[in-house]
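# Working through the structure, step by step
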Amino acid sequence: MMGPIPLAQAEELEKIFHIHRLWQAQDPEKKLKEVRNDITGVVSTAWFGVSGKLIKALPNLEIISHFGVGYDNVDVLAAKKRGVIVTNTPDVLTDDTADVGMGLVLAVFRRLVEGDIYVRSGQWAKKGALPMGRGLRGKKMGIVGLGRIGQAVAKRAQAFGIEVSYHGPKKKKGVAYPFHAGLEALAKASDILMITCPYNADTHHLINAKVLKALGKQGVLINIARGKIVDEKALIDALENGVVYGAGLDVFENEPDVPSALCRLDNVVLQPHVGSATAETRAAMAQLVVDNLRLYFEKAEVLTPV
Ligand code: 8YV
């Protein structure tokens, strides 16, 4: 195990396998040298990935069971070349992650976090009403990456009276929302730009200064996908200079370090990568991690290969 998963499922794993917890080892390099020939499966997480170098160091590795839907920190190409199977945990986290996306929209437009601080710090009594927020009905949301999570956000947005359109590598069959082939065109047509695409070489810094300028002074960027999809420096610049109205961010370029410039801004709402962080969903994700490993070693099958 490269990193932790919830206790109940870690205990279940322990009943079936002999577990080495690499992140807890005093000297992980030394530990790896000792056990490398014994390792047949690896559990990875969003903050503890699997490099090509690690795959090379494990000659008997057969499967990487990743705890999370996004597997950008697993070298899938190196794994495939070696015939190592990689699984992830899709579907079970879709709703909770989409909820955080809408939560960030609400928090930014209705100033919910500012309001909380306003009450707690006694400013309400001293200064009177909080400056007004903005309503959601009739706003336009552009979704970047209309996959499982993007579609779940779209459904929620529609319930709030928000109009949805989207951008992605190609138009989706059977989807009625308007498609924009160009990202800047989508940003221009949107009040809210919602990032739900995977992170890869094609989406690195996809949201740059040009896209933010197209989103415009009244535009809000929401990122519940991966920090590196957004050029964070360009975003800070846009937020500081009123190029965009605000942002709601659950993910950052260099987690858990968040630039102090972002923390100083009051037109942003920040969350510590909690899209899937409910007891129910994390348990379901961890169960998939366990079930993929168990099934693989019992029957050479897996439930959710990438
Ligand atoms: C993490 C996530 O996996 O699923 C993803 O892609 O980013 C999160 O759900 C979770 O924090 C566990 O590593």
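Look above for the structure.
These lines cover the structure that appears in this document, whether it is placed above or below. Because the structure is a prediction, the values reported are computed rather than measured.

Procedures and definitions
Residues numbered from 1 in each chain as written. Predicted model: local features only at pLDDT ≥ 70, side-chain atom pairs only at ≥ 80, totals over all residues. Heavy atoms only, no water. Pairing = 2+ DSSP bridges. Helix = DSSP H or I, 4+ residues; strand = E, 2+ residues; numbered from the N terminus. Axes fitted to C-alpha atoms, helices over the stretch in contact; angles between N-to-C directions. Buried < 20%, exposed > 50% of the residue type's maximum accessible area, 1.4 Å probe, protein only. Right-handed = clockwise from strand over helix to strand, strands pointing away. Salt bridge = Lys/Arg side-chain N within 4 Å of Asp/Glu carboxyl O. Expected span 1.5 Å × (residues − 1). Near = heavy atom within 4 Å. Polar contact = N/O pair within 3.5 Å; in protein donor to acceptor, adjacent residues only side chain to side chain. Areas by Shrake-Rupley, 256 points an atom, 1.4 Å probe, with all protein chains shown as cover. Nonpolar A, V, L, I, M, F, W, Y, C, P; charged D, E, K, R; others polar. Phe/Tyr/Trp six-rings, centres within 6.5 Å; stacked < 30°, edge-to-face > 60°. Lys NZ or Arg CZ within 6 Å of the ring centre and 35° of its normal.

## Some words on the sheet that holds strand 7 (residues 220-223)
With parallel pairing, the six strands of this open sheet are ordered in space as 5-4-6-7-8-9. In the strand order of this sheet, the two ends are held by strand 5 (163-167) and strand 9 (268-270), each with one partner. Neighbour to neighbour, the strand axes of the sheet diverge by 15° on average, direction disregarded. Pairing analysis gives four bridges linking strand 4 (residues 140-144) to strand 6 (residues 192-195), with the strands arranged parallel.

## Description of the pairing of strand 1 (residues 41-45)
Burial of strand 1 is extensive: four of the five residues sit out of reach of the surface. Alignment of strand 1 against strand 2 (residues 63-67), held across five bridges, turns out to be parallel. Looking at strand 2, one finds that G41 is bridged to I63. In terms of handedness, the path from strand 1 via helix 3 (residues 52-57) over to strand 2 forms a crossover that is right-handed.

## Remarks on the pattern of salt bridges
Counted under the stated rule, the structure contains nine salt bridges. The salt bridge involving R156 is made with D95; its shortest N-O contact spans 3.1 Å. Residue R156 is located in helix 8 (residues 148-159), and its partner D95 is located in helix 5 (residues 94-109); the two are separated by 61 residues in the primary sequence. Taking the relative accessible area as the measure of exposure, D95 reaches 48% and is therefore partly exposed. A salt bridge links R156 to D99; the shortest N-O distance between them is 2.6 Å. Of this pair, R156 sits in helix 8 while D99 sits in helix 5; the two residues are 57 residues apart in sequence, bridging distant segments of the chain. A single network of salt bridges, built from pairs that share partners, joins E12, D291 and R294.

## Describing helix 5
Between its terminal C-alpha atoms helix 5 stretches 23 Å, which fits the 22 Å expected from 16 residues at 1.5 Å a residue. Among the 16 residues in helix 5, 12 count as buried, and that is most of the element. Residues of helix 5 that are buried: T94, D96, T97, A98, V100, G101, M102, L104, V105, A107, V108 and F109. A positive phi of about 55° marks R111, the residue just after helix 5.

## Quick word on the site of the ligand
The environment of the ligand is made up of 13 residues, and the closest members are V69, G70, R226, H273 and S276. Within the backbone of F67, a nitrogen or oxygen atom sits 3.1 Å from an oxygen atom of the ligand. Between the ligand and V69, the relevant distance is 2.7 Å, taken from an oxygen atom to a main-chain nitrogen or oxygen of the residue. In the complex, 94% of the free accessible area of the ligand, which totals 330 Å², lies under the protein chains. Residues of the shell around the ligand, tallied by class, amount to six nonpolar, five polar and two charged.

## Things to note about the packing of aromatic side chains
Pairs of aromatic rings are described using the distance from one ring centre to the other and the angle between the two planes. For the coordinates displayed, the defined rule picks out three aromatic pairs. Look at Y166 and F179: their rings are 5.2 Å apart centre to centre, the planes differ by 55°, and that puts the pair in the tilted class. Within this pair, whereas Y166 is found in strand 5, its partner F179 is found in the loop between strand 5 and helix 9 (183-188), the two being separated by 13 residues in sequence. Residues Y296 and F297 carry aromatic rings whose centres are separated by 5.0 Å and whose planes lie at 85° to one another, so their mutual orientation is edge-to-face. On the basis of relative accessibility, which here comes to 14%, the residue Y296 falls in the buried class. In this structure F297 comes out as partly exposed when scored by relative accessible area, which is 32%. Joined through ring pairs, the aromatic side chains of F17, Y296 and F297 make up one cluster. Of note, R134 hangs over the ring of Y245, and the distance from its end group to the ring centre comes to 4.3 Å.

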